[in-house]
Each structure stands twice: as C-alpha cells, then as structure tokens.
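This is what each chain is made of:
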Amino acid sequence: MPWLAGFPREKLGWYPTIDPSKCVKCGMCMNCGKNVYDWTKNGAVVARPYACVPGCTTCATLCLGDAITFPPASYIREVYKKEGIWSKVKKVLEEEGKLMVKISE
Ligand code: SF4
Ligand code: SF4
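Residues numbered from 1 in each chain as written. Chains lettered and ligands numbered in written order. Predicted model: local features only at pLDDT ≥ 70, side-chain atom pairs only at ≥ 80, totals over all residues. Heavy atoms only, no water.

Chemist: In this structure, what is going on with the site of ligand 1? I would like to understand it.
Modeler: The local shell around ligand 1 consists of Pro16, Cys32, Val36, Tyr37, Cys52, Val53, Cys56, Thr57, Thr58, Cys59 and Phe70. A per-class count over the shell around ligand 1 returns nine nonpolar, two polar and no charged. (Near = heavy atom within 4 Å. Nonpolar A, V, L, I, M, F, W, Y, C, P; charged D, E, K, R; others polar.)

Chemist: Honestly, unusual backbone geometry in this entry has me stumped. Any pointers?
Modeler: Backbone phi values are negative for most residues with the exception of glycine, while trans is the configuration of most peptide bonds. Not every positive phi belongs to a glycine, and lysine 25 is a case in point at roughly 60°. Note on placement: lysine 25 falls in the loop between strand S1 (17-18) and strand S2 (37-40). Given the relative accessible area of 43%, lysine 25 is considered partly exposed. One non-glycine residue, aspartate 66, adopts positive backbone phi at about 55°. Along the chain, aspartate 66 turns up in the loop between helix H1 (58-62) and strand S4 (68-69). (Helix = DSSP H or I, 4+ residues; strand = E, 2+ residues; numbered from the N terminus. Buried < 20%, exposed > 50% of the residue type's maximum accessible area, 1.4 Å probe, protein only.)

Chemist: Teacher, can you tell me more about the site of ligand 2 here?
Modeler: In the vicinity of ligand 2, the contacting residues are Cys23, Val24, Lys25, Cys26, Gly27, Met28, Cys29, Trp39, Cys63, Gly65 and Ile68. When its residues are assigned to classes, the shell around ligand 2 shows eight nonpolar, two polar and one charged.

Chemist: Can you walk me through the nonpolar core in this structure?
Modeler: The tendency in soluble globular proteins is for nonpolar side chains to be buried side by side. Formed by 21 residues in total, the largest nonpolar core has its most connected members in Leu12, Tyr37, Ile68, Phe70 and Ile85. Mapped by element, the contributors of at least two residues to this core are H1, helix H2 (73-83) and helix H3 (85-95). At three residues, H2 tops the list of elements feeding residues into this core. Apart from residues lying up to four places away in sequence, isoleucine 85 is in contact with Trp3, Leu4, Phe7, Val79 and Tyr80. (Core = buried A, V, L, I, M, F, W, Y, C linked by side-chain atoms within 4.5 Å. Contact = heavy atoms within 4.5 Å.)

Chemist: I tried to follow the pairing of strand S3 (residues 43-46) on my own but got confused; where do I start?
Modeler: Where a strand is regular, its side chains alternate between the two sheet faces. Relative to S3, S2 runs antiparallel, the two sharing four bridges. Bridge pairing in S3 places tryptophan 39 opposite alanine 44. If you look at the hairpin formed by S2 and S3, you'll find two residues sitting between the two strands. (Pairing = 2+ DSSP bridges.)

Chemist: I tried to follow H2 on my own but got confused; where do I start?
Modeler: Owing to its 3.6 residues per turn, the α-helix aligns residues three or four sequence positions apart on the same side. Turning to H2, its buried residues number three or more, namely Ile76, Val79 and Tyr80. Buried residues of H2, seen end-on, are gathered within an arc of 100° and therefore sit on one face of the element. In this structure, H2 carries Ser74, Arg77, Lys81 and Lys82 as exposed residues pointing more than 90 degrees from its buried face. Residues of H2 that are buried sit in contact with H3. Downstream of H2 by one or two residues, glycine 84 has phi in the positive range, about 65°. (Arc of directions from axis to C-beta.)

So this is what it looks like as structure tokens:
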C-alpha cells in the first residue's frame, strides 16, 4: 500500500514508544499485523519500528496500560505537506486503479 509513495520510511519518525512502567503485559500490541513488536520476559518491546504503518495508532488506542505513545499527528502531517507525499500517494493510487468509481449513484 502506497502510504509513502517512495519516500524513505527511515526518514519518517513515526513508530510506537512503550513506557515500561505503564505496561501491564496485556499482550494486545502483539496483534500488530506488521510485526513491530517482540515479546520478552519484561513484556513487549519495539523491535522493528520502521515496519509501523505511517499514521497508524491502533496499538496505542487498545493498549490496556495506556503505555504506548506516538508523535503528534501534526508531525506526520507536516512531513507529508513538506515532502508532497499526499499528491504522490494519490498518483500511485490512480495508477493502481484504486480510485476508480465502482458504484454509480
Ligand atoms: S500503530 Fe499500527 S502498525 Fe504501528 S505498531 Fe501499532 S498496530 Fe502496528
Ligand atoms: S498493549 Fe500496552 S500494556 Fe499491553 S503488552 Fe503492549 S505495551 Fe504492554
């Protein structure tokens, strides 16, 4: 999925941070479909931060201990604006046929 449309993932500082003092080891973050976390005897750790989907915050939303944080949305929006990522993503989506109207009203 073209979330970045070629912009280098490592240049986007979007990934979760865990406060170990708040983690209650509920395991919910291990549901991440991008395999960002590893499970240790001390609970979850962020093992592959750049596998995190840009803009996603699902694990933080469902973290039982409210232990996971992300940068503010304004950060990622500013990068998208500065780097012209929105228009690049739209171009890729058009090329992939994902913005074709399938249902006529
Ligand atoms: S924000 Fe989404 S992609 Fe990123 S680690 Fe959490 S669940 Fe996974
Ligand atoms: S979801 Fe939150 S509380 Fe649960 S294991 Fe992960 S970091 Fe810890």
